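Per-entry structural report
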Amino acid sequence: MFNQFLGLFSNDIGIDLGTANTLVYVKDKGIVLREPSVVAVYTNSRRVRAVGDEAKVMLGRTPGSITAIRPMKDGVIADFDITEAMLRYFIRKANGGKTFPQPSVCIAIPSGITEVEKRAVMESATHAGAREVHTIPEPFAAALGVGLPVDEPAANMIVDIGGGTTEIAIISLNGIVFSKSIRVAGDEIDLAIINYMKRAYNLLIGERTSEEIKMTIGSAYPLDTELAMEVKGRDSVAGLPKTIHITSQEIREAMGDTIGAIVEAVRITLERCPPELSADLVDRGFVMAGGGSLIRGIDKLLSEKTGLAVTVSDDPLSAVANGTGVFINNIEDYRRIAADL
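Quick notes on the rules
- Residues numbered from 1 in each chain as written.
- Predicted model: local features only at pLDDT ≥ 70, side-chain atom pairs only at ≥ 80, totals over all residues.
- Heavy atoms only, no water.
- UniProt positions renumbered as here; feature names shortened; annotations may be inferred.
- Buried < 20%, exposed > 50% of the residue type's maximum accessible area, 1.4 Å probe, protein only.
- Helix = DSSP H or I, 4+ residues; strand = E, 2+ residues; numbered from the N terminus.
- Salt bridge = Lys/Arg side-chain N within 4 Å of Asp/Glu carboxyl O.
- Axes fitted to C-alpha atoms, helices over the stretch in contact; angles between N-to-C directions.
- Parallel < 35°, antiparallel > 145°, perpendicular 65-115°, else oblique.
- Contact = heavy atoms within 4.5 Å.
- Nonpolar A, V, L, I, M, F, W, Y, C, P; charged D, E, K, R; others polar.

Within an unreviewed UniProt entry, the label attached to the protein chain reads Cell shape-determining protein MreB, and the organism entered is Lacunisphaera limnophila. Of the comments in the UniProt record for the protein chain, the one headed Sequence similarities (unreviewed entry) reads "Belongs to the FtsA/MreB family."

Encoded structure:
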C-alpha cells in the first residue's frame, strides 16, 4: 500500500543501460537524459569525480590521480560499485535532483545475460535509489520502441546493434520465439579500427579517435563515392605525433570480420525461425536499431546477405529507451509479459 502511495507522486523511469551510452525515459516526459556510460574517479579513493558527458571528455586525457572508467562491458556490469554510482547520478538527475520519492525503474538488459548478471543490474538499481526494478530484454524493448506490432500472431524481427552487444530476436504474440545475443558490436568495431591502424600504419590511436573514424568514413558496403579523412595519433616506432590520410575502403576492410560476425548471427537467427514465421519475414523483412545501424550501407549488406527487406528505424539510438517507456506507460500489461520473457 505504501509503495502504491509513493507511486502516485514519483516519476516512473525506463533506463537503456548501454555499454556506450545511457538513456533515461521519464513517464509522461519522454527521454530526458542521454549521456555516455562513463565515470571519472579519483584513482586512490575511488571517489566519483564526474559522470556522463563531463567524464567522457576525460577518456584518455586524465592525470594519474584521475581514472575515467566505462563500468559496463559487453552489455553487463564490469564494475559494480561504479555502475551503482553512475545509476544513482542518472536516476537523481532524471528525478529532478531529488532522492525522494523513489521511482519505479524498468531497465533493458541483453537477452543473453545470465541470472547472476541480471541480479547484479537489479541490485545496482535498487542500491542507487529505485523503489522497485523491472527488467525487459533489449530486443523486445527495441521492438516496442520502433513500433513493431509484437502482440500480433506474426513474425516481427529486430536487429539491435549497440555498443557492447548485438541483439537479434524474432517476436510473435508478445513472446520471443528465438533470440541471439553476441558480444560483438560498436566497441568491437572500434577495436578493429584501432588494431588496423597499428598494423597498417604503426599509428596508435584511442577509443575516441576510432569512434570518430567509424562515424565519419566507416561503411559496411561499397560507397558510390569513397570518403577520406586525416587521422592523428602517435607513431608506435618513433614515438612521435603523426598524421596520416585514410579512406573508407580501408576502414571497410578493417571492420570486415566484425561486421561479418553480425551478419552470421542474423543468418543463424533466420535458420532457427519456424517455417510459418519465415513466410511472414519474406513479406515484412526486419528492422534495425541501435547506433551500429547507422554505419553506412549495413542495411544494404544485410539485405543482400539475407534476401530480405531491411529497414533502419527512424530514431535507432532511442529505440530501446522508447521501448522501456512503452513498458512503464503500460506497466500492468507488460509486467506479466516481462515475467515470461
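As a further point, take helix 5 (residues 138-145). With 7 of 8 residues buried, helix 5 is to be regarded as a mostly interior element. One or two residues past the end of helix 5 sits Gly147, with phi positive at roughly 85 degrees.

Across all of its chains, the model carries 12 salt bridges by this definition. Linking Lys93 and Glu35 is a salt bridge whose minimum nitrogen-to-oxygen distance equals 2.5 Å. With Lys93 in helix 3 (residues 80-94) and Glu35 in strand 3 (residues 30-36), this residue pair connects regions lying 58 residues apart in the sequence. We classify Lys93 as partly exposed; its relative accessible area is 43%. Asp187 is paired through a salt bridge with Arg70; the nearest N and O atoms lie 3.2 Å apart.

As a packed pair, helix 5 and helix 11 (residues 319-329) sit with axes 6 Å apart at the nearest point and diverge in direction by 85 degrees. Judged by the inter-axis angle, helix 5 sits roughly perpendicular to helix 11. In this structure, helix 5 uses Glu138, Ala141, Ala142, Leu144 and Gly145 to contact helix 11, whose residues at the interface are Ala319, Val320, Asn322, Gly323, Thr324 and Val326. When its residues are assigned to classes, the contact of helix 5 with helix 11 shows 6 nonpolar, 4 polar and 1 charged.

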